[in-house]
Amino acid sequence: SLGSESGIGAVPDLMIENPEHQEGGHFGKSVSSGGDINNDGYDDLAVGADFQDGAAEDSGKVYVYFGGPGGVDEIPSIVLESPFMSPGHFGTSVSLDGDINADGTSDLVVGADMLDGVESMEGAIFVYYGTNLTAGSLDFVFLESPGGQPYGRFGYSVKILGGVIGNDRYDDRYNDGDWGPYG
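Scope of this entry: the structure provided in the associated data block.

Quick word on the overall build of the protein
Assigned secondary structure in the protein consists of one helix and 12 strands. Helices and strands appear in the protein in the N-to-C order β-β-β-β-β-β-β-β-β-α-β-β-β. Residue burial in the protein is summarised as follows: out of 183 residues, 44% are buried. Of all intrachain contacts in the protein linking residues separated by at least 6 positions in sequence, the fraction that spans at least 24 positions is 50%. By element, 51% of the accessible surface of the protein is carried by carbon and sulfur atoms, the whole surface being about 9,200 Å².

This is the structure:
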(Lines give C-alpha, C1' and ligand atoms only; values in the text may rest on other atoms or scores of the structure.)
Protein backbone atom coordinates (compact mmCIF):
# COMPACT_ATOMS: atom_id res chain seq x y z
CA SER A 1 0.00 0.00 0.00
CA LEU A 2 1.03 3.56 -0.49
CA GLY A 3 2.68 5.18 2.51
CA SER A 4 0.63 7.14 5.05
CA GLU A 5 0.93 8.41 8.63
CA SER A 6 0.25 4.85 9.83
CA GLY A 7 2.95 3.42 7.53
CA ILE A 8 2.76 1.01 4.63
CA GLY A 9 -0.26 -1.31 4.53
CA ALA A 10 -0.07 -5.10 4.43
CA VAL A 11 -1.88 -5.37 1.07
CA PRO A 12 -0.28 -3.86 -2.06
CA ASP A 13 -2.21 -1.20 -3.96
CA LEU A 14 -0.84 -2.46 -7.26
CA MET A 15 0.88 -5.62 -8.41
CA ILE A 16 2.57 -5.57 -11.80
CA GLU A 17 3.24 -8.92 -13.46
CA ASN A 18 5.38 -9.74 -16.47
CA PRO A 19 3.31 -8.29 -19.33
CA GLU A 20 4.51 -11.08 -21.66
CA HIS A 21 3.93 -13.83 -19.08
CA GLN A 22 7.24 -15.50 -19.92
CA GLU A 23 8.24 -18.07 -17.34
CA GLY A 24 11.85 -17.52 -16.27
CA GLY A 25 12.09 -14.03 -17.79
CA HIS A 26 13.29 -12.60 -14.45
CA PHE A 27 10.75 -9.76 -14.58
CA GLY A 28 11.68 -7.50 -11.66
CA LYS A 29 15.35 -8.53 -11.54
CA SER A 30 16.07 -4.79 -11.38
CA VAL A 31 13.73 -1.93 -10.52
CA SER A 32 14.26 1.83 -10.41
CA SER A 33 11.98 4.79 -9.78
CA GLY A 34 12.39 8.40 -8.78
CA GLY A 35 12.76 9.78 -12.28
CA ASP A 36 10.18 11.48 -14.47
CA ILE A 37 11.03 10.39 -18.01
CA ASN A 38 7.97 11.98 -19.65
CA ASN A 39 8.09 15.26 -17.67
CA ASP A 40 4.51 15.08 -16.41
CA GLY A 41 5.44 15.73 -12.76
CA TYR A 42 5.01 12.10 -11.66
CA ASP A 43 7.77 9.58 -11.01
CA ASP A 44 7.99 6.69 -13.43
CA LEU A 45 9.13 3.10 -12.94
CA ALA A 46 11.66 1.00 -14.90
CA VAL A 47 11.62 -2.79 -14.53
CA GLY A 48 14.32 -5.06 -15.94
CA ALA A 49 13.76 -8.64 -17.10
CA ASP A 50 17.24 -9.83 -18.02
CA PHE A 51 16.22 -13.31 -19.21
CA GLN A 52 13.19 -12.13 -21.21
CA ASP A 53 13.30 -13.36 -24.79
CA GLY A 54 13.55 -10.61 -27.38
CA ALA A 55 15.83 -10.42 -30.38
CA ALA A 56 17.40 -13.62 -29.06
CA GLU A 57 16.72 -16.08 -26.26
CA ASP A 58 17.57 -14.50 -22.88
CA SER A 59 18.53 -11.20 -24.56
CA GLY A 60 16.52 -9.22 -21.97
CA LYS A 61 14.04 -6.35 -21.92
CA VAL A 62 13.24 -3.25 -19.86
CA TYR A 63 9.69 -2.06 -19.27
CA VAL A 64 8.98 1.61 -18.43
CA TYR A 65 5.72 2.43 -16.64
CA PHE A 66 4.60 6.06 -16.48
CA GLY A 67 3.36 7.43 -13.18
CA GLY A 68 0.27 9.56 -12.80
CA PRO A 69 -2.16 10.97 -10.23
CA GLY A 70 -3.45 7.46 -9.45
CA GLY A 71 -0.01 5.85 -9.25
CA VAL A 72 1.89 3.83 -11.81
CA ASP A 73 0.24 2.53 -14.99
CA GLU A 74 -0.34 -1.23 -15.10
CA ILE A 75 0.62 -1.47 -18.78
CA PRO A 76 4.16 -0.49 -19.85
CA SER A 77 4.38 2.75 -21.82
CA ILE A 78 7.77 1.88 -23.31
CA VAL A 79 9.37 -1.55 -23.91
CA LEU A 80 13.08 -1.65 -24.69
CA GLU A 81 15.00 -4.69 -25.79
CA SER A 82 18.61 -5.41 -26.53
CA PRO A 83 19.58 -4.35 -30.04
CA PHE A 84 21.99 -7.30 -30.18
CA MET A 85 21.13 -10.83 -31.23
CA SER A 86 22.75 -12.44 -28.20
CA PRO A 87 21.83 -13.46 -24.65
CA GLY A 88 23.49 -10.37 -23.12
CA HIS A 89 20.99 -10.06 -20.23
CA PHE A 90 19.87 -6.53 -21.09
CA GLY A 91 18.09 -5.21 -17.98
CA THR A 92 20.33 -6.85 -15.37
CA SER A 93 20.43 -3.38 -13.82
CA VAL A 94 18.45 -0.17 -14.41
CA SER A 95 18.67 3.40 -13.11
CA LEU A 96 15.96 5.98 -13.78
CA ASP A 97 16.68 8.65 -11.20
CA GLY A 98 18.87 11.29 -12.81
CA ASP A 99 19.38 13.64 -15.73
CA ILE A 100 22.73 12.85 -17.37
CA ASN A 101 22.51 15.37 -20.23
CA ALA A 102 20.96 18.16 -18.08
CA ASP A 103 18.00 18.75 -20.39
CA GLY A 104 15.48 18.73 -17.53
CA THR A 105 14.20 15.20 -18.21
CA SER A 106 15.19 12.01 -16.39
CA ASP A 107 17.30 9.54 -18.31
CA LEU A 108 17.49 5.74 -18.20
CA VAL A 109 20.66 3.67 -17.84
CA VAL A 110 20.48 -0.08 -18.55
CA GLY A 111 23.16 -2.67 -17.82
CA ALA A 112 23.71 -5.83 -19.90
CA ASP A 113 26.40 -7.59 -17.92
CA MET A 114 26.69 -10.73 -20.05
CA LEU A 115 26.91 -9.04 -23.46
CA ASP A 116 29.87 -10.27 -25.47
CA GLY A 117 32.25 -7.64 -26.79
CA VAL A 118 35.75 -8.39 -27.93
CA GLU A 119 35.93 -10.65 -24.88
CA SER A 120 33.33 -13.13 -23.63
CA MET A 121 30.79 -11.69 -21.18
CA GLU A 122 32.50 -8.32 -21.09
CA GLY A 123 29.23 -6.49 -20.48
CA ALA A 124 27.95 -3.08 -21.59
CA ILE A 125 25.82 -0.11 -20.57
CA PHE A 126 23.11 1.61 -22.61
CA VAL A 127 22.10 5.23 -21.90
CA TYR A 128 18.68 6.39 -23.14
CA TYR A 129 17.93 10.11 -22.89
CA GLY A 130 14.40 10.69 -21.62
CA THR A 131 13.49 13.34 -24.19
CA ASN A 132 14.38 10.88 -26.98
CA LEU A 133 12.37 8.01 -25.47
CA THR A 134 9.19 10.02 -25.04
CA ALA A 135 9.57 11.35 -28.61
CA GLY A 136 9.54 7.76 -29.86
CA SER A 137 13.28 7.48 -30.55
CA LEU A 138 15.09 4.39 -29.31
CA ASP A 139 18.52 5.95 -29.89
CA PHE A 140 21.03 5.22 -27.15
CA VAL A 141 24.62 5.78 -26.12
CA PHE A 142 26.50 2.47 -26.01
CA LEU A 143 29.31 2.12 -23.47
CA GLU A 144 31.53 -0.92 -23.68
CA SER A 145 33.67 -2.26 -20.89
CA PRO A 146 36.70 0.05 -20.65
CA GLY A 147 39.04 -2.76 -19.63
CA GLY A 148 38.04 -5.41 -22.13
CA GLN A 149 38.17 -7.97 -19.35
CA PRO A 150 36.78 -11.45 -20.10
CA TYR A 151 33.89 -12.16 -17.71
CA GLY A 152 34.20 -8.59 -16.40
CA ARG A 153 30.39 -8.24 -16.36
CA PHE A 154 30.48 -4.48 -16.89
CA GLY A 155 26.95 -3.21 -16.25
CA TYR A 156 26.12 -5.65 -13.43
CA SER A 157 25.11 -2.62 -11.36
CA VAL A 158 24.40 0.92 -12.58
CA LYS A 159 23.37 4.12 -10.81
CA ILE A 160 22.96 7.74 -11.93
CA LEU A 161 24.63 10.04 -9.41
CA GLY A 162 23.82 13.72 -9.03
CA GLY A 163 26.64 16.05 -10.13
CA VAL A 164 29.32 14.27 -8.09
CA ILE A 165 32.18 14.48 -10.58
CA GLY A 166 33.29 18.05 -11.27
CA ASN A 167 30.53 19.59 -9.08
CA ASP A 168 28.64 20.60 -12.23
CA ARG A 169 24.96 20.52 -13.11
CA TYR A 170 25.31 17.19 -14.94
CA ASP A 171 24.37 13.92 -13.27
CA ASP A 172 27.05 11.28 -13.51
CA ARG A 173 26.72 7.54 -13.93
CA TYR A 174 28.30 4.88 -11.75
CA ASN A 175 29.01 1.31 -12.73
CA ASP A 176 30.53 -1.29 -10.47
CA GLY A 177 30.49 -4.12 -13.02
CA ASP A 178 34.24 -4.63 -12.76
CA TRP A 179 34.03 -4.76 -8.97
CA GLY A 180 30.69 -6.50 -8.48
CA PRO A 181 30.35 -9.94 -6.92
CA TYR A 182 31.24 -11.68 -10.19
CA GLY A 183 34.01 -9.32 -11.36
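Let's talk about a nonpolar patch on the surface
On the surface, a cluster of nonpolar side chains totalling about 230 Å² of accessible area is made up of F84, F140 and F142. Relative to the elements of secondary structure, F84 occurs in the loop between β6 (78–81) and β7 (90–98).

Quick notes on the packing of aromatic side chains
One pass over the full model with this rule turns up seven aromatic pairs. Plain terms: the ring middles of F84 and F126 are 6.2 Å apart, the flat faces sit at 55° to each other, and that makes the pair tilted. With F84 in the loop between β6 and β7 and F126 in strand β9 (residues 124–128), this residue pair connects regions lying 42 residues apart in the sequence. Relative to F142, the ring of F84 has its centre 5.3 Å away and its plane inclined at 45°; by these criteria the two rings are tilted. Here F142 lies in strand β10 (residues 141–144) and F84 lies in the loop between β6 and β7, a separation of 58 residues in the sequence. Look at F84 and you get partly exposed, because its relative accessible area is 32%. With a relative accessible area of 30%, F142 lands in the partly exposed category.

A short note on the pattern of salt bridges
Within this structure, the stated rule accounts for five salt bridges. Close ionic contact of E20 with K61 constitutes a salt bridge, the shortest N to O distance being 3.0 Å. With E20 in the segment before β1 (27–35) and K61 in strand β3 (residues 61–65), this residue pair connects regions lying 41 residues apart in the sequence. D97 is paired through a salt bridge with K159; the nearest N and O atoms lie 2.3 Å apart. Of this pair, D97 sits in strand β7 while K159 is found in strand β11 (residues 158–161), placing the two residues 62 residues apart along the sequence. Judged by its relative accessible area of 27%, D97 falls in the partly exposed class. The class of K159 is partly exposed, set by a relative accessible area of 35%.

Calculation criteria
Residues numbered from 1 in each chain as written. Predicted model: local features only at pLDDT ≥ 70, side-chain atom pairs only at ≥ 80, totals over all residues. Heavy atoms only, no water. Helix = DSSP H or I, 4+ residues; strand = E, 2+ residues; numbered from the N terminus. Buried < 20%, exposed > 50% of the residue type's maximum accessible area, 1.4 Å probe, protein only. Contact = heavy atoms within 4.5 Å. Areas by Shrake-Rupley, 256 points an atom, 1.4 Å probe, with all protein chains shown as cover. Patch = residues over 30% accessible without salt bridge, like charges linked within 9 Å, V, L, I, M, F, W, Y side chains within 5 Å. Salt bridge = Lys/Arg side-chain N within 4 Å of Asp/Glu carboxyl O. Phe/Tyr/Trp six-rings, centres within 6.5 Å; stacked < 30°, edge-to-face > 60°.

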